[in-house]
Amino acid sequence: MTEISIYFLGKFVGNLINHKVKQITNTILMIRPINFRMNEQTSVNNYYQKSITNVLPEAIQLKALKEFNGLVDKLRTVGIDVIVIDDIKEKNTPDSIFPNNWISFHQDGTVAIYPMFAENRRKERREDVFDILEQKGFLIENVVDYSSAEEEEYFLEGTGSLILDRIHKKAYCALSPRADEELMIEFCEDFEYTPILFKSFQTVENKRKEIYHTNVMMCVAEEFAVVCLESIDDKKERKNLIKHLKESGKTIISITEKQVNSFAGNMLQVIGNNDERYLVMSKSAEGSLTESQRAVIEKSCTIISSPLSTIEVCGGGSARCMMAEVFLPKA
């Protein structure tokens, strides 16, 4: 075999390896906050948000920025490629720190844009994000834009609403005012995923209220899934979810509603240096884990946690919400 033949054979095999379907990625997009505060438009159905009294908005922003930078530093220290883009002050977007709700990036070069429940969150969508990624060598082959569904008041807030098992092509979704069933099925048809639908609840003032985002109560990693089974009141729906997770070979780590309140469901597995696996979460989430839950996680990855209390209290979201995974191919 000639050297040229060996060269092209190597490129061919390399391309096959690169196109292997991945569940997790080394590259994360994050938006640095400028106007962070409690968003009054999302608090109507995000019951994790709480108002911080006697603290000036400028002080809340500074605390959130410190928490944001702390998490970015921890991710970069272990070799995770974090692309940080500054929010735009003039847009006045208090929740821009949670970009995974309006955009998702896929391994075939497709980008999905999502319809948002809160009107002021719709301003988070930015075309310059595409330009920045392309300048870094990522290929965007196609854009699927669902945002026009907002005109009919149908919403599906990205990987907040959708928990994707990318290898087994399953999409888990807790239906809520932020996650419309028909729109979720349309996504699954477009991206060739099997929809697993259910309703997930939390207790608010002794009433069962729908959890606003699936990624608050569920996380799917390569070898395990963290899920609050007790939040799924319908036994058939709960049994169906368990069936699909077991069929996909996932060890189920069942968390309580109390742990969900500490954002123990809001986690994301990523890849760092030397192909090391990490599970990213907040300090409050890590602190809520039991020894047995931690042991299952640490069999396959290392925990990274960072203090995010201001972001959690005012924003009603945590570590996973802050990270939009970039699976796009590179030129």
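The model shown is predicted, which means the values in this text are computed figures rather than measured ones.

### Brief notes about the overall build of the chain
Along its length, the chain carries ten helices and 17 strands. For a compact globule of 331 residues, the expected C-alpha radius of gyration is about 20 Å, and the chain comes in at 19 Å, within 12% of that figure. Taking the principal axes of its C-alpha atoms as reference, the chain extends roughly 75 × 45 × 45 Å. When the 331 residues of the chain are sorted by exposure, 54% land in the buried category. Here the contacts in the chain between residues at least 6 apart in sequence split such that 74% fall between residues at least 24 apart. Put simply, the chain shows about 15,100 Å² of open surface, and 50% of that area lies on carbon and sulfur atoms.

### Observations regarding the pattern of salt bridges
Evaluated as defined, the whole model comprises 17 salt bridges. A salt bridge links D86 to R32; its shortest N-O distance comes to 2.6 Å. In this pair, D86 is assigned in strand β2 (residues 81-86) and R32 in strand β1 (residues 27-32), connecting sequence segments 54 residues apart. Classification of D86 by relative accessible area gives partly exposed; the value is 42%. For R32, a relative accessible area of 27% corresponds to the partly exposed category. We note a salt bridge from R320 to E325, for which the minimum N-O separation is 2.5 Å. Looking at R320, the relative accessible area reads 5%, which means it is buried.

### Some words on helix α5 (residues 181-191)
Residues of α5 that are buried include every one of L183, M184, F187, C188 and F191, and no others. Down the axis of α5, the buried set is contained in an arc of 145 degrees. They therefore lie on one face. Projecting away from the buried face of α5 at angles above 90 degrees are the exposed residues E182 and E189. Where α5 is buried, its residues meet β4 (110-113), β5 (142-145), β6 (162-165), β7 (170-174) and β8 (194-198). N-capping of α5 is provided by D180, with a side-chain oxygen placed 3.1 Å from the backbone N of E182. Looking one or two places after α5, you find E192, whose phi comes out positive at around 60 degrees.

### Let's talk about the sheet that holds strand β17 (residues 324-325)
Within a sheet, adjacent strands bond to each other through the backbone by hydrogen bonds, running parallel or antiparallel. Pairing within the open sheet is mixed, and its three strands lie in the order β2-β1-β17. The open sheet has two edge strands, β2 and β17, and neither has a second partner. Two strands pair when backbone bridges link them, and β1 and β17 are joined in this way by two bridges, in the antiparallel orientation. Looking at the pairing, I28 lines up with E325 of β17. Contacts from helix α2 (residues 57-77) reach β1 and β2 within the one sheet, and its direction differs from that of β1 by about 160 degrees.

### Concerning the state of the cysteines
Per the counting criterion, the structure on display carries zero disulfides. In this structure C228 is not part of a disulfide, and its nearest cysteine sulfur, from C219, lies 14 Å away. Between C314, a cysteine without a disulfide, and C321, which holds the nearest cysteine sulfur, the sulfur-to-sulfur distance is 14 Å.

### Some words on the packing of aromatic side chains
Inspection of the entire model under this criterion finds eight aromatic pairs. Here F117 and F155 contribute two aromatic rings whose centre-to-centre distance is 5.5 Å and whose plane-to-plane angle is 80 degrees, an arrangement assigned as edge-to-face. Placement of F117 in the loop between β4 and α3 (128-135) and of F155 in the loop between β5 and α4 (158-161) is noted, with a sequence separation of 38 residues between them. Following the ring pairs from residue to residue traces out a cluster consisting of Y114, Y146, F187, F191 and Y193. K330 extends its terminal NZ or CZ atom over the ring of F138, reaching a point 4.7 Å from the ring centre.

### Regarding the pairing of strand β14 (residues 268-271)
Side-chain positions along a regular strand alternate between the two faces of the sheet. On β14, burial covers both faces: L268 and V270 on one face and Q269 and I271 on the other are all buried. Taken together, β14 and the strand that follows it, strand β15 (residues 277-282), pair antiparallel across an intervening segment of five residues, in which N274 is found at a positive phi of about 55 degrees.

### Some thoughts on unusual backbone geometry
Notably, N92 is not glycine yet its phi reads approximately 55 degrees, a positive angle. With respect to the helices, strands and loops of the structure, N92 is situated in the loop between β2 and β3 (103-105).

### A closer look at the nonpolar core
In this structure, Y172, M217, M218 and L241 are the most contacted members of the largest nonpolar core, which totals 36 residues. Going through the elements one at a time, β7, β8, β11 (218-220), β12 (224-227), α6 (235-247) and β15 are the ones with two or more residues in this core. Looking at this core, the element that brings in the most residues is β12, giving four residues. When neighbours within four sequence positions are excluded, M217 is seen to be in contact with F198, S200, I211, V226, V227, C228, S231, I232, V260 and G265. Ranked by size, the runner-up nonpolar core spans 26 residues in total, among them M30, V82, I97 and F98.

### Thoughts on the pairing of β1
The buried fraction of β1 amounts to five of the six residues, a majority that puts the element mostly inside the structure. Remark: the β1/α2/β2 crossover connection has right-handed handedness.

Cut-off values and rules
Every chain's residues receive numbers from 1 upward, in the order its sequence appears when written. Per-residue local features are limited, in this predicted model, to residues with pLDDT of at least 70; the limit for side-chain atom pairs, both in listing and counting, is 80 or more; totals at the level of whole chains, interfaces and linings are taken over all residues. Side-chain measures were taken over the full set of non-hydrogen atoms in the model, leaving aside hydrogen atoms and water. We count a stretch as a helix when DSSP gives it H or I for four or more residues in a row; a strand needs E for two or more, and each element gets its number in order from the N terminus. Just to be clear, the radius of gyration here is over C-alpha atoms, and the globule rule we use is 2.2 Å times residues to the power 0.38. Burial classes: relative accessible area under 20% of the type maximum marks a residue as buried, over 50% as exposed, and values in between as partly exposed (1.4 Å probe, protein chains only). Contact between two residues is taken to exist if any of their heavy atoms lie within 4.5 Å; hydrogens are not considered. We get accessible surface area from the Shrake-Rupley algorithm with a probe of 1.4 Å; when it comes to residues, only the shown protein chains can shield them. Salt bridge, as applied in this entry: a Lys or Arg side-chain nitrogen positioned within 4 Å of an Asp or Glu carboxyl oxygen. Directions from the helix axis toward the C-beta atoms define the arc. Any pair of nitrogen or oxygen atoms within 3.5 Å is treated as a polar contact; in protein, a donor-acceptor pairing is required on top of that, and neighbouring residues in sequence qualify only through side-chain atoms on both sides. A pair of strands is labelled paired if DSSP reports no fewer than 2 bridges between them. Helix axes are fitted only over the stretch in contact, all axes being lines through C-alpha atoms; the angle between N-to-C directions runs from 0 to 180 degrees. We call a pair of cysteine sulfur atoms a disulfide whenever their separation is within 2.5 Å. The criterion for an aromatic pair is that two Phe, Tyr or Trp rings (for Trp, the six-membered ring) have centres within 6.5 Å, with stacked assigned to planes under 30 degrees apart, edge-to-face to planes over 60 apart and tilted to the rest. For a Lys NZ or an Arg CZ to count as sitting over a ring, it must be within 6 Å of the ring centre and within 35 degrees of the ring normal. Side-chain atoms within 4.5 Å are what join buried Ala, Val, Leu, Ile, Met, Phe, Trp, Tyr and Cys residues into a set we call a nonpolar core. Here, the term right-handed applies to a crossover whose path from the first strand over the helix to the second runs clockwise when the strands point away from the viewer.

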